[in-house]
Amino acid sequence: MKDHKKVIYWLLTGCVLIFIMVIVGGITRLTHSGLSISNYKLISGTIPPMNETEWQEAFNLYKQYPEYQKLNTHFTLQDFKDIYFWEWLHRVIGRFIGVVFFIPFLYFLIRKQLTKSTIKKSVILLCLGGFQGFLGWYMVKSGLVDNPDVSHYRLAAHLTTAFITFAYTFWVALDLMFPNKKQINIKFRNLIRWGLAILLIQIIYGAFVAGLDAGFIHNHWPMMSEGKFMHPTVYIEQSPVYKNFIEGKSGVQFVHRSLAYIVVLFVFLIWRKSKKLSLTNFQTKGIHTLLIIVGIQFLLGVLTILLQVPVWLGVAHQVGAFFLLSAMTFTLHRFSK
């Protein structure tokens, strides 16, 4: 632990920054701010417009794209400034994360404070970060052509990569914090792995719901509509049928709701089966944390639907997913060889 203390702090700082970026990204999405900056400038784009003339130039550029022409023709310059802020902040944090990862990595590399294994993992992290930035640009690009909204597939790829980058960064830090791991039960470890896989699919569908604005319909629970839960006419809107569950608002929300029950079931099974095992203190804490967070996250999901996705609650639900992924990653790490 002592030899890797600075490296651990570096990695955990990266985790915190990714967490902040995901929160700001959620606000950016929920306030429909993501298409306010239509040109991508890696260096000069870090500085926002500094005077009224520059603001007017940025606003005039925004007016050339579909979001203004089809949705926001009523926007004033002040309205534009409001949405510009969140997108600008999101991009600046992304650049800052790149600096925080790359500069210390070079420092630790030169000072020979990284093991060969950690160097390889750090290179993977840098690649994930670069890919994440590319996906952000690729996502925004999809909303600048004809349809004034980003592709929900690209949004899901962008968000899921952020979650995976966080989880992997956290895992690398845990490798250094807990160099000695004890594998006690392969079947139990695999159960946690399945739970993690389903959670990642649920995160993808959460992004689908956000990308399609599918949370603004079927605002009932436990039924999706009054007196209806699985009535075919609620979901089948297009052909072929499978497209309703990846592109249809009703079908996507139905899958997201259904997966929520499955995630809860898996966490309950993990907790239940752990009762038969002899656990370390950290293993016990990981499983108990999982149980608590999945309950809170389920409640947040229900409230988000019932209240028709207020910004603060939508962000809280996304934060809940982040904490749930953290708890699942930590628990799996404690049971890995």
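Here the structure is a predicted model, which is why all the values come from computation and not from measurement. (Residues numbered from 1 in each chain as written. Predicted model: local features only at pLDDT ≥ 70, side-chain atom pairs only at ≥ 80, totals over all residues. Heavy atoms only, no water.)

Section: a nonpolar patch on the surface
- Side chains of Trp221, Tyr261, Leu299, Leu303, Leu306, Leu307 and Trp312 sit close together on the surface and give an oily, nonpolar patch of about 720 Å² of accessible area.
- The element that contributes the greatest number of residues to the nonpolar patch is helix α10 (residues 281-306), accounting for three residues. (Patch = residues over 30% accessible without salt bridge, like charges linked within 9 Å, V, L, I, M, F, W, Y side chains within 5 Å. Areas by Shrake-Rupley, 256 points an atom, 1.4 Å probe, with all protein chains shown as cover. Salt bridge = Lys/Arg side-chain N within 4 Å of Asp/Glu carboxyl O. Helix = DSSP H or I, 4+ residues; strand = E, 2+ residues; numbered from the N terminus.)

Structural notes on the packing of helix α4 (residues 77-110) against helix α5 (residues 116-141)
- Following both chains from N to C, one finds α4 and α5 inclined at 160 degrees, their axes separated by 11 Å at the closest point. Between α4 and α5, the interaxial angle falls into the category roughly antiparallel. Remark: the crossing between α4 and α5 carries left-handed chirality. The segment α4 lies against α5, with Glu87, Arg91, Phe101, Phe102, Phe105 and Leu109 engaging Ile119, Ser122, Val123, Leu125, Leu126 and Val140. (Axes fitted to C-alpha atoms, helices over the stretch in contact; angles between N-to-C directions. Parallel < 35°, antiparallel > 145°, perpendicular 65-115°, else oblique. Left-handed = near helix turned anticlockwise from the far one by under 90°. Contact = heavy atoms within 4.5 Å.)

Some words on the environment of Thr284
- One can find Thr284 in helix α10.
- Residue Thr284 is classed as partly exposed on the basis of its relative accessible area, which comes to 25%.
- Between the C-alpha atom of Thr284 and that of Ile27, which follows or precedes it by 257 residues, the distance is 34 Å. (Buried < 20%, exposed > 50% of the residue type's maximum accessible area, 1.4 Å probe, protein only.)

Comments concerning unusual backbone geometry
- For the peptide bond that leads from Trp221 to Pro222, omega is 10 degrees, which places it in the cis range.
- In this fold, Pro222 is placed in the loop between α7 (186-212) and α8 (232-235).
- A positive phi is found at His32, a non-glycine position, where the angle reads about 55 degrees.
- Residue placement: His32 occurs in the loop between α1 (5-30) and α2 (52-62).
- A positive phi angle, close to 60 degrees, is found at Gln308, a residue other than glycine.
- With respect to the secondary-structure elements, Gln308 resides in the loop between α10 and α11 (311-334).
- According to the relative accessible area criterion, Gln308 is partly exposed, its value standing at 45%.

Some points on α10
- Under the 1.5 Å per step criterion, the end-to-end length of α10 is 38 Å for 26 residues, consistent within 8% with the ideal 38 Å.
- Along α10, the residues that are buried comprise Gln283, Gly286, Ile287, Leu290, Ile293, Val294, Gln297, Leu300, Gly301, Val302, Thr304 and Ile305.
- The elements touched by buried residues of α10 are α7, α9 (249-274) and α11. (Expected span 1.5 Å × (residues − 1).)

Examining α7
- In a regular helix each residue adds 1.5 Å, so 27 residues correspond to 39 Å; α7 covers 39 Å between its end C-alpha atoms and thus fits that length.
- Where α7 starts, the residue carrying a side-chain oxygen 3.1 Å from the main-chain nitrogen of Lys187 turns out to be Asn185. (Polar contact = N/O pair within 3.5 Å; in protein donor to acceptor, adjacent residues only side chain to side chain.)

Thoughts on the pattern of salt bridges
- On inspection of all chains with the given rule, the structure shows four salt bridges.
- Between Glu52 and Lys81 there is a salt bridge; the shortest N-O distance is 3.8 Å. Linking Glu52 in helix α2 with Lys81 in helix α4, this pair joins segments that are 29 residues apart in sequence.
- In this structure, the salt-bridge partner of Glu87 is Arg91, at a minimum N-O distance of 2.7 Å. Pair noted here: Glu87 and Arg91 are both in helix α4, with a separation of four residues, about one helical turn.
- Looking at Arg91, the relative accessible area reads 15%, which means it is buried.

The analysis is restricted to geometry; functional conclusions fall outside its scope.
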